[in-house]
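Chains, contacts and geometry: an overview
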Amino acid sequence: MDKVVALAKRRGFIFPSSEIYGGITGFWDYGPLGVELKNNIKRQWWQEMVYRRDDIVGLDAAIIMNPEVWQASGHLESLTDPLVECKLCHQRFRADQGDVLESHDEEHRNKGEKSSWTEPRIFNLMTEVLLGSTEPKQTAYLRGEITQGVFVNFKNIISTSRVKIPFGVAQIGKAFRNEITPGNFTFRSREFEQMEIEYFIKPDEKEGEKTFDYWKKERMQWYLDLGIKKENLRFRAHESDERAHYARNALDIEYNAPFGWKEFEGIHHRGDWDLSRHKINYQDPDTGEEYTPWVIETSGGVDRAALFFLINAYNEDKDPVKSPNGDNGAGRVVLKLHPKLAPYKAAVFPLLANKPELISLARKIYDDLRQHFPTAWDDRGNIGKRYYSQDEIGTPYCITVDFDSLEDKSVTVRDRDSMEQKRVKIENIVDYLKEKLN
Ligand code: GAP
């Protein structure tokens, strides 16, 4: 974990927010490579969940909504965590995180002190904001889940698109929770991004079970297709007493993180909880039948996905890997990100930085590749160092322009994972990479 956190900082994936002022707990900034990784995750999600299907439409609702929404949805009374306070130092922690409490006790024991805790108190996680320029200002909330925007727009969506039940609404956006103990890097933040589908069905037990089962499998497959190792993924069904207030049934997709098995997506059977709380009904356009639809929800965290994709991809090749050119891989760090998630798809190097004819040919190839996919340029240090620098950020292919290139109009393409090198004609390079990347 420490190595991934250090790499994320050193190479520009993730920085602590407002770092020059000492940071702020629970907030993170994504650097030049982090924003690419996150955008790629969101693009892949939208591609598979919206464009590939004809039963799902998109939405981008506002972060701040009329506060009555949160009253109706139950979040003001129920988006809560039990909280305990250390009587010695007055720090507060979630009462359900036994390991965190234990290590806090130990910190005090090591100083010869004996800590004790207050009784748990309920703490609401909604983040308040004050709106308006005159007093009294209006109290509103940063949304605690992106979901409610879908429900309050249900009628708008039905009347403006041609969807009919069963159908889904997809949304990606920021959510905020005033978490008591943010931690494990970006895992538990106070500002984070969610990617969700609310899938509306007829209220029917069998249909509900079938749709729940369908979506849990779809969502698991999405992570597998993007390269998360199968042995590090599992489903975990919620016990009835740990389900969110809106859920009739719930399970998590969990990842085997360095800090334990952790949730990164929830599949929830919300029944008619939300639509009936907002007093919204549906009329079947074919039969005229009126009912309150049920909702099956898939709710993933973009930041948690980015974190787990990084951890999953992190490799250290300790032993030499067979490869020509003395580029033997020993000791290299390589991010084996799925090519669809890699920030750069290729990097172009002129063999020597002081040979204008190499630079000019390499620049031409670089300019051409950038029209097709994000491409990096590097002319610093020796070739081996440049390879390792790209390995560390997960660039699948490196292209070297050497003196032979001037004669045979070919370049060397080196594969990140196998480290194999191949000569490819310059005129074929775009097609060659497109085929490999797909
Ligand atoms: N609309 C349902 C909902 O919000 P949730 O299980 O509370 O359900 C869904 O959250 C997902 O949002 C989680 O699986 C996780 O990936 C992400 N998430 C929730 N709280 C988070 C936090 N404090 N920091 C980062 N991600 C978080």
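As a starting point, this report considers the structure included with it. All of these numbers come straight from a predicted model, not from anything done at the bench. (Residues numbered from 1 in each chain as written. Predicted model: local features only at pLDDT ≥ 70, side-chain atom pairs only at ≥ 80, totals over all residues. Heavy atoms only, no water.)

1. Points about the overall build of the protein chain
To keep things clear, this is the line we draw: Each helix corresponds to a stretch of at least 4 residues labelled H or I by DSSP, and each strand to a stretch of at least 2 residues labelled E; elements are numbered beginning at the N terminus. Here's how the labels work: a residue is buried when its accessible area is under 20% of the maximum for its type, exposed when over 50%, partly exposed in between, all with a 1.4 Å probe on protein chains only. Per-residue accessibility takes into account occlusion by the displayed protein chains alone, with areas from the Shrake-Rupley method and a 1.4 Å probe. Asp and Glu count as negative and Lys and Arg as positive, but His and the ends of the chain are not part of the count. By convention, the charge on Lys lies at NZ, on Arg at CZ, on Asp at CG and on Glu at CD.
Each helix and strand counted, the protein chain has 14 helices and 23 strands in total. Residue burial in the protein chain is summarised as follows: out of 438 residues, 51% are buried. Carbon and sulfur atoms form 47% of the exposed surface of the protein chain, whose accessible area is close to 21,400 Å². Considering the protein chain, the positive charge centre built from 63 side chains and the negative charge centre built from 72 side chains are found 3 Å apart.

2. Points about the site of the ligand
Spelled out, the test is: Only a single heavy atom is needed: when it lies within 4 Å of a molecule or strand, its residue is near that molecule or strand. Pairs of N or O atoms are called polar contacts if they sit within 3.5 Å, as long as, within protein, a hydrogen donor faces a hydrogen acceptor (for residues adjacent in sequence, only side-chain-to-side-chain pairs).
Around the ligand, 22 residues are found, and the nearest of them are E145, T147, S189, E196 and E263. Contacts to the ligand include S189, whose backbone N or O atom sits 2.8 Å from a nitrogen atom. Coverage of the ligand by the protein chains reaches 93% of its 550 Å² of free accessible surface. A per-element tally of the shell around the ligand places strand 13 (residues 260-271) first, with six residues.

3. Concerning the state of the cysteines
Cut-off, in case you're wondering: Pairs of cysteine sulfur atoms within 2.5 Å are identified as disulfides in what follows.
Scanning the entire structure with this criterion turns up zero disulfides. The thiol of C86 is unpaired, and the distance to the nearest cysteine sulfur, on C89, comes to 3.7 Å.

4. A few points about the sheet that holds strand 23 (residues 421-425)
Hydrogen bonds between backbone atoms are what pair the strands of a sheet, whose relative direction is either parallel or antiparallel. How we decide: A pair of strands is treated as paired once DSSP finds two or more bridges between them. Every axis corresponds to a line fitted to the C-alpha atoms, with the helix fit spanning only the stretch in contact, and the corresponding angles, defined between N-to-C directions, vary from 0 to 180 degrees. In what follows, residue pairs with any heavy atoms lying within 4.5 Å of each other are defined as contacts.
Taking strand neighbours across the sheet as the criterion, the five strands line up as 20-19-21-22-23 in an open arrangement whose pairing is mixed. Strand pairing shows two members of the sheet lacking a second neighbour, strand 20 (375-377) and strand 23, which therefore form its edges. Strand-to-strand twist across the sheet, computed as the mean angle between neighbouring axes with direction ignored, equals 30°. On the sheet, helix 12 (residues 383-393) packs against strand 19 (346-350), strand 20, strand 21 (397-401), strand 22 (410-415) and strand 23 and is oriented at approximately 165° with respect to strand 19.

5. Concerning the pairing of strand 23
Looking along a regular strand, one sees the side chains alternate between the two faces of the sheet. Bridging between strand 22 and strand 23 involves five bridges; their strand directions are antiparallel. Bridged to R414 within strand 23 is Q421.

6. Focus: the pattern of salt bridges
Stated formally: Any carboxyl oxygen of Asp or Glu within 4 Å of a side-chain nitrogen of Lys or Arg constitutes a salt bridge here.
A full pass over the atoms with the stated rule returns 41 salt bridges. For E48, the salt bridge identified is with R52, shortest N-O distance 2.7 Å. Here D252 makes a salt bridge to R236, at a shortest N to O gap of 3.5 Å. One end of the pair, D252, is in strand 12 (residues 249-257); the other, R236, is in strand 11 (residues 233-237), with 16 residues separating them in the sequence. Among the charged side chains, a salt-bridge network with shared partners connects E48, R52, R53, D55 and E218.

Keep in mind that these numbers describe shape and distance, not what the molecule does.
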